[in-house]
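# Examination of the molecular architecture
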Amino acid sequence: MTITVTDSVDESGALELWPVYDAVFGDQPDLGTWRSAVWDRHVTRPGFRLARAHHSSDLVGFAYGYTGERGQWWSDRAVDALPPDVADEWIGGHFELVSIGVLPAARGGGLGARLMTELTTGLPHERRVLMTTADAADPARRLYASHGWVVIGPGLRDDQVIMGRLRG
């Protein structure tokens, strides 16, 4: 398994990611909708980083994020969801880990943890890293907790929480 990290991606990168994104999340009806609703905005944000995992030449997983700031959709929703003192401490200038996706056939061997580690190692940001994740029964949440992430408050929906981690 080879993991590469980059701070930019061209058209081919979006086309490569889409099948894995769709297989893992399935929350967008098609490539065009995903590109216009999510990807094309995220890839141009300051601090964008993408980690990709390949088995041979096949993409089997990815993780990406960018610098989160007030005035962005997620950051503003997180400010509304969190207690004011927590929002003031965590939101703005943080690295927002947007997605980690690993194909089902590649799960169970620590690839998600490796992607998360590679993505967040050597960040040029301040020390705060944030994400939204599902309820306590989700295996991903247990993975994050085992790597030092803590719940800092409720999420944007009832079945979510916002987790944060201070980098060393």
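## Digging into the overall build of the chain
When helices and strands are tallied, the chain shows 6 helices and 7 strands. When its helices and strands are written in sequence order, the chain yields β-α-α-β-β-α-α-β-α-β-α-β-β. At 15 Å, the chain has a C-alpha radius of gyration in line with the 15 Å of a compact globule built from 168 residues. In the chain, which comprises 168 residues, the proportion classed as buried is 47%. Intrachain contacts of the chain at a sequence separation of at least 6 include 65% that bridge at least 24 residues. Surface exposure of the chain reaches about 8200 Å², of which carbon and sulfur atoms provide 51%. Of note, the chain has its 16 positive side-chain charges centred 5 Å away from the centre of its 22 negative side-chain charges.

## A few points about the nonpolar core
Ranked by internal contacts, the top residues of the largest apolar core, which has 21 residues, are Leu97, Leu111, Leu115, Tyr144 and Trp149. Residue assignment for this core shows that the elements contributing at least two residues are strand E2 (49-55), strand E3 (58-68), strand E4 (94-102), helix H5 (111-120), strand E5 (128-134) and strand E7 (160-166). The residues touching Leu111, leaving out its near neighbours within four places in the chain, are Met1, Ile3, Ala53, Val60, Val102 and Ala106. Listed in part, the 15 residues of the second largest apolar core include Val20, Trp34, Val38 and Tyr64.

## Some details on the pattern of salt bridges
One pass over the structure, following the stated rule, counts 4 salt bridges. The salt bridge involving Glu16 is made with Arg52; its shortest N-O contact spans 3.1 Å. Linking Glu16 in helix H1 (residues 11-24) with Arg52 in strand E2, this pair joins segments that are 36 residues apart in sequence. Classification of Glu16 by relative accessible area gives partly exposed; the value is 24%. Here Arg35 makes a salt bridge to Asp40, at a shortest N to O gap of 2.9 Å.

## Describing the confidence of the model for the chain
When pLDDT drops low, the exact placement of atoms in the prediction is not to be read closely. When the pLDDT values of the chain are averaged, the result is 89; 97% of them are 70 or greater. Looking at the elements of the chain, mean pLDDT is at its lowest for E5, recorded as 82, and at its highest for E2, recorded as 95.

## A look at the side chain of Arg49
Its location among the elements puts Arg49 in strand E2. Despite its burial, Arg49 pairs with no opposite charge; the closest candidate is Glu118, at 6.8 Å N-O. Polar contacts involving the side chain of Arg49 include one to the main-chain carbonyl oxygen of Leu119, which spans 3.5 Å.

Reading the values: rules and limits
Residues numbered from 1 in each chain as written. Predicted model: local features only at pLDDT ≥ 70, side-chain atom pairs only at ≥ 80, totals over all residues. Heavy atoms only, no water. Helix = DSSP H or I, 4+ residues; strand = E, 2+ residues; numbered from the N terminus. Rg over C-alpha atoms; globule rule 2.2 N^0.38 Å. Buried < 20%, exposed > 50% of the residue type's maximum accessible area, 1.4 Å probe, protein only. Contact = heavy atoms within 4.5 Å. Areas by Shrake-Rupley, 256 points an atom, 1.4 Å probe, with all protein chains shown as cover. Lys, Arg positive; Asp, Glu negative; His and termini not counted. Charge placed at Lys NZ, Arg CZ, Asp CG, Glu CD. Core = buried A, V, L, I, M, F, W, Y, C linked by side-chain atoms within 4.5 Å. Salt bridge = Lys/Arg side-chain N within 4 Å of Asp/Glu carboxyl O. pLDDT = per-residue confidence, 0-100. Polar contact = N/O pair within 3.5 Å; in protein donor to acceptor, adjacent residues only side chain to side chain.

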